[in-house]
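If you want the building blocks of each chain, they are given just below.
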Amino acid sequence: MNFKYGTDDVPPPGYLVQSGISWAAVLLSYVVIIGLVVSNLQYSSFSDQVYYIQKLLLMTAFAVIIQVIAGHRLPVIFGPATVLLIGIVSSQSFSTDAVYSAIIVGGIIGLLAGASGLLVYIARLFTKRVVTVVLMLIVFTMVPTLAQLLTTESGGTGAAGSLLFAFILMPLIFAANRYLKGFFKNTLLLWVILAGTAVYMLIFPYSFQIASTLPQAGIFAGFTGSFVFEPGVMLSFVICYFALMVNDIGSIQSVSEIVKPAEMKGRFKRGVVATGIVNVLSGISGVVGGVNYSTSAGIILESRCASRWTLVPAALILAAIGLFPQAASLICAIPPVITGCLLIYVLAAQFSASVSVFFSDMKEKGFDFDSGIIVGLSVAMGAIASAVPQDVAMKLPVFLQPLLPNGFVVGVLTVLVMEHLVYRGRDSE
């Protein structure tokens, strides 16, 4: 495919700014979706939630720049990782220091795996069936969290009002995705945030705080105060991070197949190492770690621009927003039901990707019943684990509390056992 600008080309300033705004809209959308879910889970104070969003914006901006300049050096966006969100949801009964200490360890593992070449051996565990399960589990294990977001009472609407609003908004989002083109399609999530929030506030009595009422603690509040080793939390996040690394490679690969750059082996290595560094810093800062996003490929094809430098102004825009608590407080004012609808949209795309992986080689081999059993059992086990009531989970031994209720971990362990032990010796990629 012929691009207006190649991977290493620097477009004119006007085009850089124009493309940077488009990329920034996409980046901001993902930060808003994951950031609001995590900040509401971990903090009841509005000021703490605002500072969390500020830190996440700044960390995402830093991640994009380090990847573009020293990491994979490709036009790939970077954002908060949904798979780490699952780990946070399953570890709510533990301190934030324990959670972010585990994210630090995950980042160190990723850094070492990328730098030493161990990533090759880790990737061998993730066959097509395992990757299918990983992608599906991200969807199914988030169902309880989605239900909570869609039924959260805000602005006096009541749970039923929020749910009804969600059921009207969701089809409209997918209809817009079907018919919009170009810039508006690529930035759909941002338009849903703006228009959805505005309509919600017109229909329901909804008020929000502004930054002028915040205490002066600043964005340095909420950093990880001490390293806390909780074996169950640590193991849970290590498993999540293995999946994150495979996701990272897949995202880089999806873009490389379009732009076809040289030295892909080095780009993979540097990209995974940079992701590890960012996750270590994220854990220290007390925010959820991140990963490269495969949605970058669609934006590149739509814009016909493969220049990595268009992401630099996008990162600067994100950093500028993150420096102002007034902007972050407006983000925190987005109703939970809007966040839930956006998360459903993202997870639907994730499910589509999982089905695509599963059926990618069916044309040659036909449907394989055993593959269906491996995937079906693993996803079912993960969904069951995610539905375990909190009071039941609290009665488990402390080591198992962040593990057994974590449907993602249970599902991944199940598929690894089925794939590499029970059905060992089958042909797989």
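Residues numbered from 1 in each chain as written. Predicted model: local features only at pLDDT ≥ 70, side-chain atom pairs only at ≥ 80, totals over all residues. Heavy atoms only, no water.

Here we take up the pattern of salt bridges. Opposite charge on two side chains allows them to pair when their charged atoms are near. Summed over the entire model, instances satisfying the criterion amount to two salt bridges. Ionic pairing is found between Arg 308 and Asp 8, a salt bridge with its closest N-O pair at 2.9 Å. In this pair, Arg 308 sits in the loop between α13 (296-303) and α14 (311-322) while Asp 8 sits in the segment before α1 (13-42), placing the two residues 300 residues apart along the sequence. Relative accessible area serves as the criterion here: at 9%, Arg 308 is assigned to the buried category. We note a salt bridge from Arg 129 to Glu 419, for which the minimum N-O separation is 2.8 Å. Residue Arg 129 is located in helix α6 (residues 128-140), and its partner Glu 419 is located in helix α20 (residues 407-422); the two are separated by 290 residues in the primary sequence. Residue classification places Arg 129 among the buried residues on the basis of a relative accessible area of 10%. Note on Glu 419: relative accessible area 5%, which makes it buried. (Salt bridge = Lys/Arg side-chain N within 4 Å of Asp/Glu carboxyl O. Helix = DSSP H or I, 4+ residues; strand = E, 2+ residues; numbered from the N terminus. Buried < 20%, exposed > 50% of the residue type's maximum accessible area, 1.4 Å probe, protein only.)

All right, on to the packing of aromatic side chains then. The way to describe two aromatic rings as a pair is by their centre distance and the angle between their planes. Scanning the entire structure with this criterion turns up 12 aromatic pairs. Centroid distance Phe 165 to Tyr 200: 5.1 Å. Interplanar angle 90 degrees. Geometry classified as edge-to-face. Residue Phe 165 is located in helix α8 (residues 158-179), and its partner Tyr 200 is located in helix α10 (residues 188-203); the two are separated by 35 residues in the primary sequence. There is no split in this pair, since Phe 165 and Tyr 200 are both buried. Taking the centre distance of 5.5 Å and the plane angle of 45 degrees together, the rings of Phe 174 and Tyr 345 count as tilted. Of this pair, Phe 174 sits in helix α8 while Tyr 345 sits in helix α16 (residues 336-358), placing them 171 residues apart in sequence. Overall, Tyr 345 belongs to the buried group, its relative accessible area being 15%. Site record: aromatic cluster; members linked through ring pairs are Phe 165, Tyr 200 and Phe 204. Of note, Arg 178 hangs over the ring of Tyr 179, and the distance from its end group to the ring centre comes to 4.9 Å. (Phe/Tyr/Trp six-rings, centres within 6.5 Å; stacked < 30°, edge-to-face > 60°. Lys NZ or Arg CZ within 6 Å of the ring centre and 35° of its normal.)

To continue, consider the nonpolar core. Counting 125 residues, the largest nonpolar core has Val 83, Leu 343 and Phe 408 as the members making the most contacts within it. Beyond its immediate stretch of four places on either side in the chain, Leu 343 contacts Ile 33, Ile 34, Val 37, Met 142, Leu 146 and Leu 149. (Core = buried A, V, L, I, M, F, W, Y, C linked by side-chain atoms within 4.5 Å. Contact = heavy atoms within 4.5 Å.)

Describing two packed helices takes the angle between their axes plus the distance from one axis to the other. Across the interface, α6 lies against helix α18 (residues 369-386) with an axial gap of 9 Å and an inter-helix angle of 30 degrees. Comparing their axes, α18 and α6 come out roughly parallel. In the packing of α6 onto α18, the handedness of the crossing is right-handed. Side by side, α6 and α18 meet where Arg 129, Thr 132, Val 133, Met 136, Leu 137 and Phe 140 of the first sit next to Ser 371, Ile 374, Val 375, Ser 378, Val 379 and Gly 382 of the second. When its residues are assigned to classes, the contact of α6 with α18 shows seven nonpolar, four polar and one charged. (Axes fitted to C-alpha atoms, helices over the stretch in contact; angles between N-to-C directions. Parallel < 35°, antiparallel > 145°, perpendicular 65-115°, else oblique. Left-handed = near helix turned anticlockwise from the far one by under 90°. Nonpolar A, V, L, I, M, F, W, Y, C, P; charged D, E, K, R; others polar.)

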